[in-house]
Amino acid sequence: MPKVYKPGKVAIVLQGRQAGKKVVVIKQLDEGTKERPYPHAIVAGIERYPRKVTRTMGAKKLQRRSRVKPFIKVINYSHLFPTRYALELESLKNSVSADHFKEPSQREDARKNIKKVFEERYQTGKNKWFFQALRF
């Protein structure tokens, strides 16, 4: 069976609190681990998407509406829906690993790094489709 979830692949979460949100796969574990004996992936996604901005808005309002609230999570493959899209984010691969989930402070630091990367990506205007909420 071919590997569907490669690092950088964009997927949609199907179950749980972040259902319907877009995520990007950071690391895939096809065989699972001792703690999680099922195929799963470490993903980073957007919990709260940036809001719409217009030309008439001031700089402060524009900055506030351009914020992104990310999340990092370990998700079972059966709860992910792969898309044909991919993001080329080299900085994300180094920011999150499996040991970040053991300590809450490490998880918080990883989330802050991802927030910085996502907001920078949004400001440059690359991958605009990733920063828009799904409508269905």
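The protein chain goes by 60S ribosomal protein L27 in an unreviewed UniProt entry, where it is assigned to Suillus luteus UH-Slu-Lm8-n1. In its Sequence similarities (unreviewed entry) section, the UniProt entry covering the protein chain states "Belongs to the eukaryotic ribosomal protein eL27 family."

Visitor: I'd like to hear about the pairing of strand 1 (residues 9–13), residue by residue, with values.
Guide: A large share of strand 1 lies buried, amounting to five of its five residues. Burial along strand 1 is two-sided: the face carrying Lys9, Ala11 and Val13 and the face carrying Val10 and Ile12 are both buried. Pairing of strand 1 with strand 5 (residues 80–86) involves four bridges; the strand directions are antiparallel. Within strand 5, the position partnered with Ile12 by the bridge is Phe81. In terms of strand pairing, strand 1 meets strand 2 (residues 22–29) through three bridges, oriented antiparallel. Paired with Val10 across the two strands is Val24, which belongs to strand 2.

Visitor: Residues and numbers for the pairing of strand 3 (residues 40–48), please.
Guide: Counting buried positions along strand 3 yields seven of nine residues, so the element is predominantly enclosed. In terms of strand pairing, strand 2 meets strand 3 through six bridges, oriented antiparallel. Residue pairing for strand 3: Val23 is matched across the bridge by Gly45. Note: strand 3 against strand 4 (residues 69–76), eight bridges, orientation antiparallel. Following the sheet pairing, Ile46 is matched in strand 4 by Pro70.

Calculation criteria
- Position labels on residues start from 1 in each chain and follow its written sequence.
- Where totals are concerned, whole chains, interfaces and linings use all residues; where local detail is concerned, this predicted model gives features only for residues with pLDDT of at least 70, and gives and counts side-chain atom pairs only at 80 or more.
- The side-chain figures draw on all heavy atoms in the structure; neither hydrogens nor water molecules are used.
- UniProt positions are given in the numbering used here, feature names are shortened, and annotations may be inferred rather than shown by experiment.
- Summary of the burial criterion: residues with accessible area below 20% of their type's maximum are buried, those above 50% are exposed, and those between are partly exposed, where the area comes from a 1.4 Å probe applied to protein chains only.
- Note on conventions: DSSP H or I runs of at least 4 residues are helices, E runs of at least 2 residues are strands, and numbering of each starts at the N terminus.
- Note: two strands are recorded as paired if DSSP finds a minimum of 2 bridges between them.

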